[in-house]
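Chain and residue survey
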Amino acid sequence: METTRIRTYILNLEKRTDRQAHVLNEFNGRDEFNIELVRPVKHDIAAVSLWNTIKYILRELVDSAEEHILLCEDDHQFTKNYSKERLFEAIAEAKSLNADILSGGVSWWEDAVPISNKLFWVKKFSGLQFTIIFKKFFSKILFAEFGNMNAADYKISGLSNKSFFCHPFISTQKEFGYSDVTTKNNGSERVEKLFAMTEQRCNHLTFFSVFYKKIKPTSISPGIADDITIPTYIICRNMDEQTALHIQRQFIGKNEFETSLVQGITTDDKELDLWKSIKHVISIAIEKEDDIIVVCEDSHVFENSYNRQHFIQNILEAHYLHTEILCGNATDLGMALPVGNKFWVDRFSGTTFFVLYKSVFKKILNTPDRSTSLFYHLLSSCSSYKMALAPFVSSANNELANPSLNQSEASNSFTRVLNRLDVLSNAENFQKGQIWME
C-alpha cells in the first residue's frame, strides 16, 4: 500500500481567516499530507477564479515527479469514516482502475455505480473540497476551455469518464453560512443537507447492488419462449378506426401476446384517467388469475430490436430477481443500476409498454388516487423493485398518444435515456475489473 505523503494544495482567500483556521485544524497532526496554502488567482467571477487557480497549481506548483495531488478547498472537513489507511487504499484502487479523479465526497451526482466497498464510479458530480487528481489528467485540465458560465466541478467531471468518489464519504464541507464560489449554497445547513441526501442516494444504490449480487443466477431454457403466452392488456383511449388498425398491426404474428383491448377511462384529467385505467386492468387480471401481464397504450410501437426469445427470457429473469414492474421503454429514469442486461431504477416516467408481476397487483389497487400526481409517479411509488429493459422493446406513435408532441421529440427522449444506460453499462466494467482505456 502506498504511504508517500500526498502533496496537498489548499485554496484559501487571504481575508477568510476563519476558513484558514478551520482547515489547518482539520489537517493538524495528519502527517500523510504535505500541505501548502494557495491564494486564488483573482477574477471577477468566482468560478473562473477557482478554475484559473487549479490551472496555476498544475502548471506552476506541481513537481513533475508527483503521480497525483490533492486539491483541497478551505471548507473541507474529515468525516468519521476517514483514516489514513482508507484513503491510501482508495487511491491505490482508483489508480488500478486508470482513474483521472478521486473525490473524498460529493454533494451531488448524476449517475453513479458502486464499484467496491470503497469506491463509486461517477459520471458527473459537484464538490471539489477534497479531490485527488492523477497525473495523466493534468494536461486535460490545462488545455480545457472554461467559460464564464461554467462550474469547475462540473467541468472536471465532464472531461473524464473515469471519475470516482469514496464511499462512505471521507470528506464533506463545513457550513460557514456563505460560499465564495457557489452563491446558492449561501445559508444555514444547505451544504450539510446536500451531502446527507447524496450519501442517502449512495446507500440506496449500495443496498440494491448487494441485493442483486446475492441472488444466484437462474438458468433459463432457450426454448422456453415457445411455450409461453403473456396476457396483454391494451388501454385504448381512442377506439377509432385509425387507432385500432395501428395497434392491431403491432401484434400481427406475435403469438406470444394474448391481447385484450380495454376501453380507457376518459375524463378531463388524463393522468388520473390512465391511473384508473391501470387499476381497472389489474382488477381484470386478478379475476382471470394472471401471474404476469403486459400493459401497453394504444400508441405502442414495437422497436426493431424486439425479439420474442430475448423478451420472454428477460421477463423470467426479472421475475427471479424479484422484479415487480419491468419497463419496456421510458422517457426518463431516476437512479439506475446495471443488473446484467437490465437496470434497476428507483423511478421512471413516459413508459407506454410495461410488465406487471402478480406481487404488485394489490399494491397498485391499494395506492390512493391522486389527481395532482403524474400517472408514472403513482406507478413508480408502488414498488421498490422496478427494472428497465435496454435496448427498449417499444416506442410510441405520438401522433396517436400526444398530437402536440412530434415524433422526433419522443425519439430524442428515448435516445437520451438509452445513452445514459449505455454509459452505465460501460461503467459496470469497473466492477468486473476491466478498465476503460483512451
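What this report covers is the structure whose coordinates are included nearby. Worth saying up front: this structure is predicted, and the values here are computed from it rather than measured.

Some thoughts on the packing of helix α8 (residues 270–287) against helix α10 (residues 358–366)
Across the interface, α8 lies against α10 with an axial gap of 10 Å and an inter-helix angle of 135°. For the element pair α8 / α10, the angle class is oblique. For the pair α8 and α10, the sense of crossing is left-handed. Residues Trp275, Ile278, Lys279, Ile282, Ser283, Ala285 and Ile286 of α8 form the contact with α10, whose own contacting residues are Phe361, Lys362, Ile364 and Leu365. Residues of the contact of α8 with α10, tallied by class, amount to 8 nonpolar, 1 polar and 2 charged.

Considering the sheet that holds strand β12 (residues 257–263)
One open sheet accounts for 8 strands, arranged β12-β11-β13-β20-β15-β21-β18-β17; its pairing is mixed. With one partner strand each, in any of the chains shown, β12 and β17 (336–339) form the two edges of the open sheet. Across the sheet, the axes of successive neighbouring strands diverge by a mean angle of 25°, strand direction being ignored. Pairing between strand β15 (residues 325–327) and strand β21 (residues 386–389): 3 bridges, direction parallel. Across the sheet, residue Cys327 finds its bridge partner in β21, namely Ala388.

What to know about the packing of aromatic side chains
In this description, a pair of aromatic rings is defined by centroid distance and the angle of the planes. Per the stated rule, a full pass over the model turns up 34 aromatic pairs. When the centroid spacing of 5.0 Å and the interplanar angle of 85° are considered together, the rings of Phe27 and Phe33 count as edge-to-face. Of the residues examined, Phe33 reaches a relative accessible area of 3% and is grouped as buried. Seen from their ring centres, Phe211 and Tyr212 are 5.1 Å apart, and the 75° between their planes marks the pair as edge-to-face. According to the relative accessible area criterion, Phe211 is partly exposed, its value standing at 21%. Members of the aromatic cluster, joined through ring pairs, are Phe207, Phe208, Phe211, Tyr212, Trp344 and Tyr385. Positioned above the aromatic ring of Trp109 is the side chain of Arg201, whose terminal nitrogen or guanidinium carbon lies 3.7 Å from the ring centre. Note that Lys254 overlies the ring of Phe302, its terminal NZ or CZ placed 4.7 Å from the centroid.

Quick word on unusual backbone geometry
The linkage connecting His167 with the following residue, Pro168, adopts the cis geometry, with an omega of 0°. Following the sequence through the fold, Pro168 ends up in the loop between β9 (163–166) and β10 (171–173). For the bond running from Ala390 to Pro391, omega is 5°, close enough to zero to count as cis. Summarising the element assignment, Pro391 is placed in the loop between β21 and β22 (394–396). The backbone of Asn98 shows a phi angle near 65°, a positive value even though the residue is not glycine. Following the sequence through the fold, Asn98 ends up in the loop between α3 (84–96) and β5 (101–103). With relative accessibility at 16%, the residue Asn98 sits in the buried group. Phi at Asp111 takes a positive value of approximately 70°, unusual for a residue other than glycine. Along the chain, the position of Asp111 falls in strand β6 (residues 108–114). Relative accessible area serves as the criterion here: at 6%, Asp111 is assigned to the buried category.

Observations concerning the pattern of salt bridges
Tallying each qualifying case throughout the model produces 14 salt bridges. Across the pair Lys279 and Asp369 runs a salt bridge whose closest N-O atoms are separated by 2.9 Å. With Lys279 in helix α8 and Asp369 in the loop between α10 and α11 (375–380), this pair connects stretches of sequence that are 90 residues apart. What makes Lys279 buried here is its relative accessible area of 14%. By relative accessible area, which is 40% here, Asp369 ends up partly exposed. Each member of the salt-bridge network shares a partner with another, and the members are Arg19, Asp74 and Asp75.

Some words on the side chain of Glu324
Considering the arrangement of structural elements, one finds Glu324 in the loop between α9 (308–320) and β15. Only 2.9 Å separates the side chain of Glu324 from the side chain of Lys363, close enough to count as a polar contact. Leaving out residues up to four positions away in the same chain, Glu324 has contacts with Val355, Leu356, Tyr357, Ser359, Val360, Lys363, Ser383 and Tyr385.

A short note on a nonpolar patch on the surface
Residues Leu24, Ile35 and Leu37 make up a contiguous nonpolar surface patch of about 190 Å² in total accessible area. Mapped onto the secondary structure, Ile35 falls in strand β2 (residues 33–38).

Some points on α9
For an α-helix, 3.6 residues make a turn, and residues three or four places apart therefore share a direction. Its 13 residues place the ends of α9 19 Å apart at the C-alpha level, agreeing with the 18 Å of an ideal helix rising 1.5 Å per residue. Within the span of α9, buried status applies to Phe311, Ile312, Asn314, Ile315, Leu316 and Ala318. Measuring from the backbone nitrogen of Gln309 back to the side-chain oxygen at the start of α9 gives 3.0 Å, which picks out Asn307 as the cap. Downstream of α9 by one or two residues, His322 has phi in the positive range, about 65°.

With respect to the sheet that holds strand β8 (residues 130–134)
Sheet architecture is open: 8 strands sit in the order β2-β1-β3-β8-β5-β9-β7-β6, paired in mixed fashion. Edge positions in the open sheet fall to β2 and β6, since each of these has one partner strand only. Pairwise comparison of adjacent strand axes, ignoring direction, gives a mean angle of 30° for this sheet. Taken strand by strand, helix α6 (residues 190–213) contacts β6, β7 (119–126) and β9, and its axis lies near 20° from that of β6.

So, how was this worked out
- Residues numbered from 1 in each chain as written.
- Predicted model: local features only at pLDDT ≥ 70, side-chain atom pairs only at ≥ 80, totals over all residues.
- Heavy atoms only, no water.
- Axes fitted to C-alpha atoms, helices over the stretch in contact; angles between N-to-C directions.
- Helix = DSSP H or I, 4+ residues; strand = E, 2+ residues; numbered from the N terminus.
- Parallel < 35°, antiparallel > 145°, perpendicular 65-115°, else oblique.
- Left-handed = near helix turned anticlockwise from the far one by under 90°.
- Contact = heavy atoms within 4.5 Å.
- Nonpolar A, V, L, I, M, F, W, Y, C, P; charged D, E, K, R; others polar.
- Pairing = 2+ DSSP bridges.
- Phe/Tyr/Trp six-rings, centres within 6.5 Å; stacked < 30°, edge-to-face > 60°.
- Buried < 20%, exposed > 50% of the residue type's maximum accessible area, 1.4 Å probe, protein only.
- Lys NZ or Arg CZ within 6 Å of the ring centre and 35° of its normal.
- Salt bridge = Lys/Arg side-chain N within 4 Å of Asp/Glu carboxyl O.
- Polar contact = N/O pair within 3.5 Å; in protein donor to acceptor, adjacent residues only side chain to side chain.
- Patch = residues over 30% accessible without salt bridge, like charges linked within 9 Å, V, L, I, M, F, W, Y side chains within 5 Å.
- Areas by Shrake-Rupley, 256 points an atom, 1.4 Å probe, with all protein chains shown as cover.
- Expected span 1.5 Å × (residues − 1).

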